Amino acid sequence: MTSALGPETTIEELKRPGRWLALSVLVLAVLLVAVDATVLGLATPYISEDLAPTGTQLLWIGDVYSFVIAGLLVSMGSLGDRVGRKRLLLVGATAFGAISVLNAYAHTPELLILARALLGVAGATLMPATLALIRNLFHDPRERSLAIGIWGATASAGTAVGPVLGGFLLEHFWWGSVFLINLPVMAVLVAVGAKLLPESRTPAPGPWDLAGVVLSLVGMVGVVYAVKETASHGFTWSAPAAGLLGAGALYGFVRRQLTLPVPLLDMRLFRHRGFSGAVLADLLTVLGLSGLVFFLSQYLQLVQGRRPFEAGLAELPAAIGAVAAGLVAGRAARRWSVRSVVAGGLAAIGLALAALTVIGQSTGYPLLGAALLVVGLGAGFSFTVTADVILSSVPKEQAGAASAVSETAYELGAALGIAVLGSIVTGVYRGFTGPAGTPAEAHESLGGAVEAASQLPAGIAGPMLDEARQSFVDGLTLAAGAGATVLLAAAAAAWFMLRNQRLDDLP
C-alpha cells in the first residue's frame, strides 16, 4: 500500500515506529549548539578580564565560530547525505565535546580563537544532520511541522538554559566552565543516539567534491572577513582583496556545482521561490538580531551592573516567546498563510528592536523584557515556518543539502550581524575620550574599561566608566536601529517572495 505522498512512500514509512523517541535524541544536538552559542555572551566580560583581548580579537572570538561553520555547512550536509547522517552526527557530537575542553582551557586570545574555529568545524556536522534526519523520519506534513516546531523550540530552550546555567557557573567557577557543560549533553546524545537513530543516506550519492568544499570555505570566509574588516577598520587593502577572493571562489563554486552530475549543492533548488524566500528571510533576520544579542549580555552586566545569573534570567522572555510560538507556528501558517506568519513575525522583531533605540544606562527592565518577549515570539513564528518550507521543498534524498542551506543562512547571518552591527557598537565606543589619565586599554572594550577602573583613583575611574558606558549604550542603540531596519526589510521581502506558499502544498 502507498500513501498519497507518492508511490515510494509507504504507510509504514509515513508512521515510522519510534520516530518521536528518535526526535528526542536529535533535539539534544540542537540543545548542544544553542547552549554553546548563548553562554559566550555572558562569559565575554570574564574573557576580557582574564585574557585581555583587543576589541578586534573579542569580535573574532565571537564570530569565528560562525565564519567556519558557515563555510562548511553545505559541505558537511552533502557529506552526511553520502556517508550517513547518523554517522556524521555522532562523530561530530564527539568532536564537539572534545574541542569544548580546548575552549575551556584556552589561556590566550589566539588559542581561544583557534579553539572556536575548530568548534565550528565540529558544529557544522550537527545541525544539517538533525534537520535531514527529521525530514526522513516524518513524511506526514503535519507531523513534520510539529517535529520542526519541537526542534526549533528546543533551540530556543537552549538559549534560555544557556544564560541561566552559564550565569550560575560564572558566579561559582571560572569562565571556561561554560564550555564544559557541553560534555554531559554530548555523552547522552552519542550513547542514546547510537541505539535509537535510524541511518539514512542518499542511495547513489556520487563522489564528494573536495574542490567544491575548498571553494565554499574560501568563498564564505573571504566575503565575511571583508565585511568585518571594512566595518571595523574602514577601507584597507586587505578587505577588498579578501572580498574579491571570496566572491571569485563562490562564483567558481556555483559554476562547478552546475556542471557536476551529482553536486554538493543543487543550485536549481533556488529556482523555487518559496525556498529562496525562506533562506533570504532567515539570513536577514539573524543578521539583524545577532550583533545586538551578542552585546546585550554585556549591557546587562557591565552597564547595568547585573550579576551573570541575573543577566541570564533577564534574557529568558525571548526564549519563552520563541518556544511558545514555535510549537504553534505550523498550525498558524495553515490557518492563515505562510507569508502572513513569517512576515508578521519579522515585522514584530523589527518593531521590538526599534523600541530598544531609546534605552539608556538606567532603562528599567519592563521595556527590555517586553522587547525581548516580542523578539522571541516573532523569531519562533518565522524561523519555524521557514525551516519547514526549506526542508519540505526538496526530495528527501536532498534533505542534507537543503538543511545545510538553511543553517548556512543562519550562520552567515550571525557572522555578518556580529561583524557589521558589532562593529557599529565597537566603533562608536572607541570614540569616547575619557578624563586625563584614561589608559589605552579602556578604549579597546567596555570590559577593558571596567578592569582598568579597578586600578585607577576614584576621581578618574568614576567619570571614565560613566563616559565609557554611555558610549557603549550609544553604539548599542545605533546597532538596534540598524537591526530594526534590516528586519523590516526582511518582512517586506518575505511578504512578496512567499506569496501563494502553503505548507499543505509541499510534498
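Above this text sits the structure in question.
Fair warning: this is a prediction, and the values are worked out from it, not measured in the lab. (Residues numbered from 1 in each chain as written. Predicted model: local features only at pLDDT ≥ 70, side-chain atom pairs only at ≥ 80, totals over all residues. Heavy atoms only, no water.)

Caption draft 1: The overall build of the protein chain, seen in detail. Broken down by element type, the protein chain carries 19 helices and two strands. Across the 507 residues that make up the protein chain, the buried fraction comes to 59%. As presented, the protein chain carries roughly 18800 Å² of accessible surface, and 68% of it is formed by carbon and sulfur atoms. (Helix = DSSP H or I, 4+ residues; strand = E, 2+ residues; numbered from the N terminus. Buried < 20%, exposed > 50% of the residue type's maximum accessible area, 1.4 Å probe, protein only. Areas by Shrake-Rupley, 256 points an atom, 1.4 Å probe, with all protein chains shown as cover.)

Caption draft 2: Structural detail: helix 9 (residues 182-196). Between its first and last C-alpha atoms helix 9 spans 21 Å; for 15 residues at 1.5 Å apiece the expected length is 21 Å, and the two agree. Asn182, Met186, Leu189 and Gly193 are the residues of helix 9 that are buried. Down the axis of helix 9, the smallest arc covering the buried residues is 60 degrees, so these residues share one side. (Expected span 1.5 Å × (residues − 1). Arc of directions from axis to C-beta.)

Caption draft 3: Spotlight on the pattern of salt bridges. Going through the model one piece at a time under the given rule, you end up with one salt bridge. Between Glu310 and Arg306 there is a salt bridge, with its nearest N and O atoms 3.1 Å apart. (Salt bridge = Lys/Arg side-chain N within 4 Å of Asp/Glu carboxyl O.)

Caption draft 4: Examining the side chain of Ser100 more closely. Locating Ser100 in the fold gives a position in helix 4 (residues 85-104). Given a relative accessible area of 0%, Ser100 falls into the buried group. The contact partners of Ser100, leaving out residues within four places of it in the chain, are Leu119, Phe179 and Asn182. (Contact = heavy atoms within 4.5 Å.)

Caption draft 5: Inspection of the environment of Ala325 at higher detail. With respect to the secondary-structure elements, Ala325 resides in helix 14 (residues 316-335). We classify Ala325 as buried; its relative accessible area is 1%. Along the sequence, Ala325 and Gly149 sit 176 residues apart, while their C-alpha atoms lie 8.5 Å from each other. If we skip the residues at most four places from it in the chain, Ala325 touches Leu377, Gly380 and Phe381.

Caption draft 6: The arrangement of the environment of Gly248 in detail. Looking at the element boundaries, Gly248 is found in helix 11 (residues 238-259). Since its relative accessible area comes to 41%, Gly248 is described here as partly exposed. A sequence separation of 25 residues divides Gly248 from Val223, and the C-alpha atoms of the two residues are 9.6 Å apart.

Caption draft 7: Layout of the nonpolar core. Counting 136 residues, the largest nonpolar core has Leu89, Ile134, Tyr299, Leu346 and Phe472 as the members making the most contacts within it. Leu89 has contacts with Leu26, Ala29, Thr125, Leu126, Ala129, Thr130, Leu133, Leu189 and Leu197, leaving out every residue within four places of it along the chain. (Core = buried A, V, L, I, M, F, W, Y, C linked by side-chain atoms within 4.5 Å.)

Caption draft 8: Quick peek at the packing of helix 4 against helix 5 (residues 109-123). Two elements in contact, helix 4 and helix 5, have axes whose closest approach is 9 Å; the angle formed by their N-to-C orientations is 170 degrees. Taken as axis vectors, helix 4 and helix 5 run roughly antiparallel relative to one another. Contacts from Gly92, Ala95, Phe96, Ile99, Ser100, Leu102 and Asn103 of helix 4 reach helix 5 at Leu111, Leu112, Ala115, Arg116, Leu118, Leu119, Ala122 and Gly123. When its residues are assigned to classes, the contact of helix 4 with helix 5 shows ten nonpolar, four polar and one charged. (Axes fitted to C-alpha atoms, helices over the stretch in contact; angles between N-to-C directions. Parallel < 35°, antiparallel > 145°, perpendicular 65-115°, else oblique. Nonpolar A, V, L, I, M, F, W, Y, C, P; charged D, E, K, R; others polar.)

Caption draft 9: View of the environment of Val286. Here Val286 lies in helix 12 (residues 273-303). Val286 sits 201 residues away from Leu487 along the chain, and the two C-alpha atoms are 8.8 Å apart.

Caption draft 10: How the structure looks around the packing of aromatic side chains. All told, the structure shown has three aromatic pairs when counted by the stated rule. Aromatic pair Trp175 and Phe179: ring centres 6.4 Å apart, planes at 85 degrees, arrangement edge-to-face. Note on Phe270 and Phe275: the rings are 5.3 Å apart at their centroids and 80 degrees apart in plane angle, and the pair reads as edge-to-face. In this structure Phe270 comes out as partly exposed when scored by relative accessible area, which is 31%. (Phe/Tyr/Trp six-rings, centres within 6.5 Å; stacked < 30°, edge-to-face > 60°.)

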